[in-house]
Amino acid sequence: MHGQSTTERTQLERVVIRFAGDSGDGMQLTGDRFTAESAAFGNDLSTLPNFPAEIRAPQGTIPGVSSFQVHFASRDILTPGDRPDVLVAMNPAALKANVADLRPGATVIVDTHDFTSRNLTKAGYAESPLEDGTLDELQVHAVDMTGVTVEAVKEFGLSRKDSARAKNMFALGLVSWMYGRPVEGTVAHLGRKFAKVPAIRDANITAFKAGWNFGETTEAFAVSYEVAPAEVPAGTYRNITGNVALSQGLVAAGVQSGLPVFLGAYPITPASDILHELSKHKSLGVTTFQAEDEIAAVGAALGASYAGVLGVTATSGPGVALKAETVGLAVMLELPLVVIDVQRGGPSTGLPTKTEQADLLMAMHGRNGEAPVPIVAPQSPADCFDAALEAARIAITYRTPVMLLSDGYLANGSEPWRIPDVADLPTIEPDFATERNHVVKTLEDGTEEKDFWPYLRDEETLARPWGVPGTPGLEHRIGGLEKKDGSGDISYDPANHEHMVRTRQQKVDRIARSLPALEADDPTGDARLLVVGWGSTFGPISAGARRVRQRGLSVATVHLRHLNPLPEDLGEILERYDRVVCPEMNLGQLASLLRDRYLVDVRRLTSVRGMPFGAEQLEHEFLQHLEEMERA
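All residue numbers refer to positions counted from 1 along the written sequence of the respective chain. Only residues with pLDDT of at least 70 are given local features in this predicted model, and only at 80 or more are side-chain atom pairs given and counted; all residues enter the totals for whole chains, interfaces and linings. The basis for every side-chain value is the complete set of non-hydrogen atoms in the structure, without hydrogens or water.

Participant: So what's going on with the pairing of strand 17 (residues 438-442)? Residues and values would help.
Facilitator: When a strand is regular, its side chains alternate between the sheet's two faces. Inspection of the sheet shows strand 17 paired to strand 18 (residues 448-452) by 5 bridges, in the antiparallel sense. Each bridged residue has a counterpart across the sheet, and for Thr442 the counterpart in strand 18 is Glu448. Where strand 17 folds back on strand 18, the antiparallel hairpin that results is connected by 5 residues, among which Gly446 adopts a positive phi of roughly 90°. DSSP calls a pair of strands paired once it identifies at least 2 bridges connecting them. Each helix is a run of DSSP H or I of at least 4 residues and each strand a run of E of at least 2, with the numbering of both proceeding from the N terminus.

In structure tokens:
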């Protein structure tokens, strides 16, 4: 690469870049490498990968477009950004699919190589947008990235097809130059990734350097930009996706509880990476089992819990539907089980690569009988670590299955994660059954007999003893039939059934006693509007509220991690405000639950587009509510 550039360098506070192309163009790798270097540079960041649902969509068509958006900044940010400042489009379809999201004045870098009449037609263009004036409000840089790449790597003797495949590295090099990204990490990564194929390795590194030098030497790019590192608390950070953070949280839960972790799973988008990640940690007591179907997966996980292991199963909405009967069995058996639902667009197969929050009511009620299950939801990719720990704590402490509701946006998105000190992590006590759980009977001859009562409950948590099979003296029945309180004998007595149903509900309700106080974010203390959210709406809600406050207006927010049971102080917080609004990526499921529970007129703000809310969108909605309240 060349030496220090003489190009004018402009300071920016934040930038949103979107890489877009065919599924085979390597846009996810390109975005991931740009993200990794931005994280290494010290920027705060948030990402939004966007995959096509079609496995083999026709090349050059809009259904086959894959994109990766990264928002990086010199301050703390909360979302992957609403509209890109820069779009890198590798073909006409990528331009067509994304250009409407750009603001006037945005930068567009286009690979002109594929702007042939055939590819234009496949993308739905009657004529080239590079020539008909439709892009006049944008700063367009038309570059034959494919052609330059093929010429740059011809010394390595690759076929033209293999040479052209390095064009994504040319694009990465060019954008890395534009925004002053470090390059050493990417060069080292390519060296490791293609170490066994030297020609491919050298071609990709050469293409990356060619892109950098193209930006440095061409007169087309008269300005480059710099986004300074963000000020963050001291610590060790890594860039992490939600699925990886969640997996790491489960590993930590195993360590903190002293329990082996067993994952029974069947691959399903967008949860499969949890299986992939946990399979790497056998040395930390993790066992992974790829089952033949969803029912077998949850059955194996519940069996592991019965054996004294932390049983976990991970899936998406369709898989939760199949697991429902076994989750109900776990409720009846009162055994720990963590059920992870990485939500996606539904119903049925729906939008398998898009995000949604529409499984809340299924998590709450999707079983036969009165089968209450605690529900925990992370708010960001990094927070998936803490949410997994919390789900495991509840499951183990209260002897209950727990639903952990992540979603596709959190699962695939990434952000910097401050690696916690192990000493700061909570200790989780399995408290296995011992002789203290025996009931002593005096027989007619005066001798004493000890019986293990598997439903003799803890006075505080109402949890039953966890008796590990094979432990002498802890033999007991297991099964889905109703149990007699205390002894665990099969019971058809109506009064006992009602008692057990109410006790299982009370056990879940008592979890609320262990939750920290809930606090509304109300900086001025005089807000009349409260925005309540859950899960991945945290970032957009917080960013939208920040925008409203920058206008000198007041808005309060409160975000829920625990959805069942709800925090004990939530009702008081809701009643404190004149109007409550609940943004959700569904048709108003939490809003309905809150209206029913607290008799508060919670206003629904809903979206089911398969994409997260935007900060600008929520700012507009919040301002409308404030205007209505002002006029009333």
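Participant: Tell me about the sheet that holds strand 13 (residues 337-343), and please be specific about residues and values.
Facilitator: One open sheet holds the 7 strands; their spatial order is 11-10-12-13-15-14-21, and the pairing between them is mixed. Taken across any chain shown, the strands that pair with only one partner, and hence form the sheet edges, are strand 11 (286-290) and strand 21 (562-564). Along the sheet face, helix 11 (residues 294-306) touches strand 10 (261-265), strand 11, strand 12 (310-315) and strand 13 and points at about 165° away from the line of strand 12. Residue contacts follow a heavy-atom distance rule, with two residues in contact if any of their heavy atoms lie within 4.5 Å. The angle between two axes is taken between their N-to-C directions and runs from 0 to 180 degrees, where each axis is a line fitted to C-alpha atoms and a helix contributes only its stretch in contact.

Participant: Any details on the sheet that holds strand 20 (residues 556-560)? Residues and values, ideally.
Facilitator: Reading across from one edge, 20-19-22-23 is the order of the 4 strands in this open sheet, with parallel pairing throughout. Of all the strands in the sheet, the pair left with one neighbour each is strand 20 and strand 23 (602-606). Neighbour-to-neighbour, the strand axes of this sheet turn through a mean angle of 25°, independent of strand direction. Pairing geometry for strand 19 (residues 529-534) and strand 22 (residues 579-584), over 3 bridges, is parallel. Within strand 22, the position partnered with Leu529 by the bridge is Arg579. Contacts from helix 17 (residues 538-550) reach strand 19, strand 20 and strand 22, with the element oriented near 170° to strand 20. Strands strand 19, strand 22 and strand 23 of the sheet are contacted by helix 20 (residues 615-631), whose axis makes an angle of about 160° with strand 22.

Participant: So what's going on with the nonpolar core? Which residues, and what values?
Facilitator: One recurring pattern in soluble globular proteins is that nonpolar side chains are buried together. Here, nonpolar core refers to any group of buried Ala, Val, Leu, Ile, Met, Phe, Trp, Tyr and Cys residues whose side-chain atoms link them within 4.5 Å. Only protein chains enter the accessibility calculation, which uses a 1.4 Å probe; a residue is then buried when its area is under 20% of its type maximum, exposed when over 50%, and partly exposed in between. Ranked by size, the top nonpolar core spans 94 residues in total, and within it Leu310, Ile340 and Leu560 carry the most contacts. The element that contributes the greatest number of residues to this core is helix 14 (residues 383-398), accounting for 11 residues. Apart from residues no more than four positions distant in its own chain, Leu560 is found in contact with Ala377, Leu518, Val532, Gly533, Trp534, Gly535, Leu566, Pro567, Leu570 and Leu590. Within the second largest apolar cluster, 38 residues are counted, among which are Phe72, Val86, Phe170 and Val227.

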